[in-house]
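# Architecture and fold: a report
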Amino acid sequence: MPITYTIVGARDSRIEELLRGTDHVSSTTWISDLNSLVQAEGAQPDIVLIDVRGQHRLPSTLLKRKHPSINVILIASAMDTALMLEAMRAGVNECIAEPLAQAEVSAAVNRLLGQRAMAAAGAVFAFVGAKGGVGTTTMAVNVATSLATLSAGRAVLLDLHQVYGDAAVFLGASARFSIGDAVENL
């Protein structure tokens with residue numbers, strides 16, 4: 001599967017050599033400023049590598065805000081906790097630290113390609129009741145159960161009613177965690 005890469009930072013032949021070793025390269029371009037990539041409206045690369053070796057901060061421009069589907073790999077001198085936290089908040093998918101090794105780069109690229117392959121979404125159904133007692137939960141549970149039974153894939157049922165969510169009662173299940181727990185632990 002050919003992949004297009006854009007590398008942000010100073011030109012380094014070692015990085016190009018490591019990317020060629022992944023067997024997925026179709027094209028590699030170098031840019032010195034992330035702003036030119038963020039402002040671009042055309043085709044975007046599959047993976048962006050941001051080289052911050054010798055620096056202690058990420059570029060101030062957030063690429064993921066404008067192009068959320070782009071995968072970002074950060075190349076750093078060391079795995080500094082402050083830099084890692086800043087990278088996670090900026091939406092960086094993978095971090096690689098020196099010394100750069102072929103196995104690490106290949107593993108990071110393969111993880112990103114695996115995530116991209118899994119990104120195919122299924123159908124989404126929303127059931128919204130105008131008022132209580134009109135059968136919205138019954139319909140949602142029955143459709144989710146039918147989808148889980150009839151389809152080869154999985155079905156997910158989310159009951160977003162925070163106070164009186166009854167989907168678990170209909171299914172005879174008791175949840176260990178709630179939507180509130182998920183939001184608190186993003």
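Residues numbered from 1 in each chain as written. Predicted model: local features only at pLDDT ≥ 70, side-chain atom pairs only at ≥ 80, totals over all residues. Heavy atoms only, no water.

## Quick word on empty space enclosed by the protein
To keep it simple, the criterion reads: Only protein atoms enter the 1 Å grid used here. Points where a 1.4 Å probe fits but cannot escape make up a cavity, open sets with protein on both sides within 12 Å along at least five of seven lines make up a pocket, and a residue lines them when an atom lies within 4 Å of a point. Grid points are joined across faces, edges and corners, and a volume is the space filled by probe spheres set on the points. To qualify as a helix, a DSSP run of H or I must reach at least 4 residues; to qualify as a strand, a run of E must reach at least 2; elements of each kind are numbered from the N terminus. Think of it as three bins: nonpolar holds Ala, Val, Leu, Ile, Met, Phe, Trp, Tyr, Cys and Pro, charged holds Asp, Glu, Lys and Arg, and polar takes everything else, Gly as well.
Scanning the model with the defined rule gives 2 cavities of 30 Å³ or more in all. Of the pockets and cavities examined, the second largest cavity occupies roughly 30 Å³. Counting residues per element, the lining of the second largest cavity draws most heavily on helix H1 (residues 13-20), which supplies 3 residues. Taken together, the residues that form the lining of the second largest cavity break down as 7 nonpolar, no polar and no charged.

## Description of the pairing of strand E5 (residues 94-97)
In plain terms, the rule: Strand pairing is assigned whenever DSSP identifies at least 2 bridges connecting the two strands. The crossover handedness rule: strands pointing away from the viewer, path from first strand over the helix to second strand clockwise, crossover right-handed.
Here strand E4 (residues 71-76) pairs with E5 via 4 bridges, running parallel. Considered in E5, the bridge of Leu74 is made with Cys95. Crossover handedness for the path E4 to helix H4 (residues 81-90) to E5: right-handed.

## What to know about the confidence of the model for the chain
For clarity, the cut-off: For every residue, the predictor states its confidence as a pLDDT score lying anywhere from 0 to 100.
Taken as a whole, the chain shows an average pLDDT of 81; of its residues, 91% reach a score of 70 or greater. Confidence, expressed as mean pLDDT per element, reaches its minimum in the chain at helix H3 (residues 63-66) with 69 and its maximum at helix H6 (residues 136-150) with 91.

## A word on the pattern of salt bridges
Where side chains of opposite charge bring their charged atoms close, a pairing between them can arise. Defined as follows: By salt bridge we mean one thing: a side-chain nitrogen of Lys or Arg within 4 Å of a carboxyl oxygen of Asp or Glu. Only protein chains enter the accessibility calculation, which uses a 1.4 Å probe; a residue is then buried when its area is under 20% of its type maximum, exposed when over 50%, and partly exposed in between.
Counting across every chain of the model gives 6 salt bridges. Between Glu17 and Arg14 there is a salt bridge, with the nearest N and O atoms lying 3.3 Å from each other. Pair noted here: Glu17 and Arg14 are both in helix H1, with a separation of 3 residues, about one helical turn. A relative accessible area of 45% places Glu17 in the partly exposed class. Classification of Arg14 by relative accessible area gives partly exposed; the value is 33%. Where Arg53 meets Asp51, a salt bridge forms, and the shortest distance between an N and an O atom there is 2.7 Å. Across the pair, Asp51 and Arg53 agree in class, each one buried. Through salt bridges with shared partners, a single ionic network connects Asp12, Asp51, Arg53 and Glu98.

## Details of H4
Along an α-helix, residues three or four apart share an orientation, since each turn contains 3.6 residues. To keep things clear, this is the line we draw: Throughout, the arc means the angular range of directions from the helix axis out to the C-beta atoms.
Turning to H4, its buried residues number three or more, namely Leu83, Ala87 and Ala90. Looking straight down H4, one finds its buried side chains confined to an arc of 65°; they lie on one side. Turned more than 90 degrees off the buried face of H4, the exposed positions are Thr81, Met88 and Arg89. Following H4 by one or two positions, Gly91 adopts a phi angle in the positive range, close to 95°.

## Quick notes on the nonpolar core
We apply this condition: Take the buried Ala, Val, Leu, Ile, Met, Phe, Trp, Tyr and Cys residues and link them wherever side-chain atoms come within 4.5 Å; each set so joined is a nonpolar core. Throughout, a contact is declared for two residues whenever any of their heavy atoms are within 4.5 Å.
In terms of nonpolar packing, the biggest core is built from 18 residues, with Tyr5, Ile15, Leu19, Ile47, Leu49, Ile73 and Val109 touching the most fellow members. Those elements giving two or more residues to this core turn out to be strand E1 (3-8), H1, strand E3 (47-51), E4 and helix H5 (102-117). When residues in this core are grouped by element, the largest group, 5 residues, is from H5. In this view, Ile15 contacts Ile7, Trp30, Leu49, Asp51, Arg53, Ile75 and Leu100; residues no more than four positions away in its chain are not counted.

## Re the sheet that holds E1
Note the cut-off: Between N-to-C directions, angles span 0 to 180 degrees; the directions come from axes that are lines fitted to C-alpha atoms, helices contributing only their stretch in contact.
Pairing is parallel in the open sheet, where 5 strands are placed in the order E2-E1-E3-E4-E5. In the strand order of this sheet, the two ends are held by strand E2 (25-31) and E5, each with one partner. In this sheet, neighbouring strand axes are inclined to one another by 20° on average, regardless of whether the strands run parallel or antiparallel. Sitting on the sheet, H1 is in contact with E1, E2, E3 and E4, with an inclination near 160° to E2.

## Comments concerning H6
Quick note on the threshold: Helix span, as expected, comes to 1.5 Å for every residue beyond the first.
Here H6 spans 21 Å end to end across 15 residues, near enough to the 21 Å set by a 1.5 Å rise per residue. Along H6, the residues that are buried comprise Ala140, Val141 and Ala144. The arc enclosing the buried residues of H6, seen along the axis, measures out at 95°, which places them on a common side. Every exposed residue of H6 that faces more than 90 degrees away from the buried side is listed here: Thr149 and Leu150.

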